Amino acid sequence: AMRVTLHSRGTRSGHVSSVGNFGRQLIGRRSEIALHSLSESNIPSDLDLLVETAPMLTKDSFYCLKFPNGDEIWTMECKRRDNKTLGSNLKSIVGFEGFEEDIGNGRRAFAFQVDPPLEVDSGSKPQRNCIVYVNEIMFSAGKLGGSVWQGAIAFAQYIAVNHKALNINNSRVLELGSGLGLSGLLTSKLGAKEVVLTEFGEDGISIENDVDDKRLLPTALISNLRYAVAMNNCENVNVCHLDWYDYLPNSLSSRGENKKFNNFDLIIGSDLLNWTDDAFPLYSTLKYLDKTNPNVKFLLCLPKNNREGVPKLVEMIQEDKYFSQIDIEEHCLIHFDEEYITLFITLSNAV
């Protein structure tokens, strides 16, 4: 029997860390920077200066994620204390020298509260915060995927305080429509065994098919994702091409058939839809991946308002009844005086 649960006033288990403790614990892992001052003697000697060290950072602004039961959790966006652009005067990443200058230097850093804290190494303090670096690129190169969307911030923070319930540790995670890779990179730092970031478009070229003239095809998202992987030192993360239009029923292209995205435990995605034309290809991809990944769980974060494709996708999910478990929750992300309502959709056919 199909179980459909719609929440307007849900609950979330687990303790929510207070804002007063935010950013005060040392994150003792490479390329993850705590938000309190460190002496040079405390910085690992093998830390490549690909990202800012803690003394260089301070808070820029806060994002507040409000849960349906009234709980709140805060995400901090960081900036440099000297007000220079993030990434200025730091060592280049091997293989990407000049990349930011060529494609657009829009590096951003987000610190997410982790609850429960992660046990890193024996003798080290639990890891209560996790920083992810991403690089925004110009619209001509990244199209809609080249910027940080509010939904990605809300989604990543949700994952950070639900990583235990989602069984992130030692899981294989596939991210659809990764964009800049914020959420997928976070799952790597939360202990995922393997993470695959996916996007459509190819570096420097366009894909030839009968719908391309209606689509905004990015030409640098794949290389920018690889750059983000290097910047965050995530050795267990791969980047692959995945186009939802390759998985339309009765017309599965050779590209779709040749891509083996199998044996994943969790498939995630945020801010995936703008237009109704993309709703059916996305839904077809979800169904295909469900059939090739037994017992997989899908977790999507989509904007509730101002996106034509989202109501269409929700309608398809509920009317088709392919998934036996459908759970939809509303959450609100607040940044300054702006509110951003998101739908968190969980889908599964797991027994």
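Residues numbered from 1 in each chain as written. Predicted model: local features only at pLDDT ≥ 70, side-chain atom pairs only at ≥ 80, totals over all residues. Heavy atoms only, no water.

## Points about the side chain of Ser-270
How we decide: In this description a helix means any DSSP run of H or I spanning at least four residues, a strand means any run of E spanning at least two, and both kinds are numbered starting from the N terminus. Residues are treated as being in contact if the distance between any of their heavy atoms lies within 4.5 Å.
Take Ser-270: it is sitting in strand β9 (residues 266-270). Apart from the residues lying within four places of it in its own chain, the contact partners of Ser-270 are Gly-151, Ala-152, Phe-155, Gly-177, Ser-183 and Cys-301.

## Quick notes on the pattern of salt bridges
Short version of the rule: Take a side-chain nitrogen of Lys or Arg and a carboxyl oxygen of Asp or Glu: if they are within 4 Å of each other, that pair is a salt bridge. Accessible area is worked out with a 1.4 Å probe on protein chains only. A residue is then buried under 20% of its type maximum, exposed over 50%, and partly exposed in between.
This structure, assessed with the given rule, holds eight salt bridges. For Arg-108, the salt bridge goes to Glu-136, with nearest N and O atoms at 3.0 Å. Of this pair, Arg-108 sits in strand β4 (residues 106-118) while Glu-136 sits in strand β5 (residues 127-136), placing them 28 residues apart in sequence. Salt-bridge contacts for Arg-172 lead to Glu-194; the nearest nitrogen and oxygen are separated by 2.8 Å. Taken together, the residues span a long stretch of sequence, with Arg-172 in strand β6 (residues 172-175) and Glu-194 in strand β7 (residues 194-199) at a distance of 22 residues. The exposure class assigned to Glu-194 is partly exposed, which follows from its relative accessible area of 23%. What emerges from the salt-bridge pattern is a single network uniting Glu-52, Arg-80 and Asp-82.

## What to know about the nonpolar core
Stated formally: Within this scheme, the nonpolar core is defined by two criteria: the residues are buried Ala, Val, Leu, Ile, Met, Phe, Trp, Tyr or Cys, and they are joined through side-chain atoms within 4.5 Å.
Counting residues in hydrophobic clusters, the biggest one holds 46 residues, and the most contacted among them are Phe-110, Phe-112, Ile-159, Leu-182, Leu-186 and Leu-197. Take this core: its biggest share by element is eight residues, from helix α3 (residues 150-160). Grouped together as the second largest cluster of nonpolar side chains are 31 residues, Trp-244, Phe-261, Phe-264 and Val-314 included.

## With respect to the environment of Ser-92
Locating Ser-92 in the fold gives a position in the loop between β3 (72-80) and α1 (99-103). In this structure the C-alpha to C-alpha distance between Ser-92 and Leu-50, which are 42 residues apart in sequence, comes to 6.6 Å. In contact with Ser-92, not counting residues within four places along its chain, are Leu-50 and Glu-97.

## Section: the confidence of the model for the chain
Using the following cut-off: Residue-level confidence of the predictor, termed pLDDT, takes values from 0 up to 100.
In the predicted model, the chain carries a mean pLDDT of 79, and 77% of its residues have values of at least 70. Put simply, strand β1 (residues 3-7) is where the chain has its lowest mean pLDDT, 38, and β6 is where it has its highest, 98. When the criterion is pLDDT under 50, residues 1-48 qualifies, and its contacts beyond four places in sequence or with other chains add up to 112 contacts. This model gives residues 204-211 a pLDDT under 50, and the stretch forms 11 contacts once residues within four places in sequence are excluded.

## Looking at the pairing of β9
Our working definition: Pairing between strands is defined by DSSP: at least two bridges between them are needed. Handedness is read with the strands pointing away from the viewer; a crossover is right-handed when the path from the first strand over the helix to the second is clockwise.
Counting buried positions along β9 gives five out of five residues, so the element sits mostly inside the fold. Of the pairings in the sheet, the one linking β6 to β9 comprises three bridges and is parallel in character. Residue pairing for β9: Val-173 is matched across the bridge by Leu-266. Sheet topology places β9 next to strand β10 (residues 297-303); five bridges connect them, and they run parallel. Counterpart to Ile-267 in the pairing with β10 is Phe-298. Taking the sense of rotation as the criterion, the β-α-β connection linking β9, helix α7 (residues 279-292) and β10 turns out right-handed.

## With respect to a nonpolar patch on the surface
Operational definition: Think of a patch as exposed residues, more than 30% relative accessible area, with no salt bridge, where like charges cluster within 9 Å and nonpolar side chains (Val, Leu, Ile, Met, Phe, Trp, Tyr) cluster within 5 Å. Accessible surface is estimated by sampling points in the Shrake-Rupley manner with a 1.4 Å probe; for residues, cover comes only from the protein chains shown.
Together, Phe-139, Leu-216 and Trp-275 make up an exposed nonpolar region whose accessible area comes to about 300 Å². For Trp-275, the location among the structural elements is in the loop between β9 and α7. Looking at Trp-275, the relative accessible area reads 42%, which means it is partly exposed.

## Section: the packing of aromatic side chains
Worth spelling out the cut-off: Pairing of aromatic rings covers Phe, Tyr and Trp, the last through its six-membered ring, and needs centres within 6.5 Å; plane angles under 30 degrees mean stacked, over 60 mean edge-to-face, and all others mean tilted. The rule for a charge over a ring is simple: NZ of Lys or CZ of Arg within 6 Å of the ring centre, and within 35 degrees of the ring normal.
In total, this model carries nine aromatic pairs according to the counting rule given. Between Phe-155 and Phe-344, the aromatic rings sit 6.1 Å apart at their centres with planes inclined by 45 degrees, giving tilted as the arrangement. Taken as a pair, Phe-155 in helix α3 and Phe-344 in strand β12 (residues 338-348) lie far apart in primary sequence, 189 residues in all. Phe-344 carries the same exposure label as Phe-155, and that label is buried. On the numbers, 4.5 Å between centres and 35 degrees between planes, the contact of Tyr-158 with Phe-344 is tilted. Taken together, the positions of Tyr-158 in helix α3 and Phe-344 in strand β12 put the pair 186 residues apart, joining distant regions of the chain. Classification of Tyr-158 as buried rests on a relative accessible area of 12%. Since its relative accessible area comes to 2%, Phe-344 is described here as buried. Members of the aromatic cluster, each reached through a chain of ring pairs, are Phe-67, Phe-155, Tyr-158 and Phe-344. Just above the ring of Trp-149 sits the side chain of Arg-307; from NZ or CZ to the centre is 4.7 Å.

## With respect to helix α8 (residues 309-320)
Note the following rule: To estimate the expected span of a helix, subtract one from its residue number and multiply by 1.5 Å. Our arc is simply the arc of the directions from the helix axis toward the C-beta atoms.
With 12 residues, α8 extends 16 Å between its outermost C-alpha atoms, agreeing within 8% with the 16 Å of an ideal straight helix rising 1.5 Å per residue. Along α8, the positions that sit buried rather than exposed are Gly-309, Val-310, Leu-313, Val-314, Met-316 and Ile-317. Taken around the axis of α8, the buried residues stretch over an arc of 160 degrees, which confines them to a single face. Where α8 is buried, its residues touch α7, β10, β11 (325-335) and β12. Looking one or two places after α8, you find Lys-321, whose phi comes out positive at around 60 degrees.

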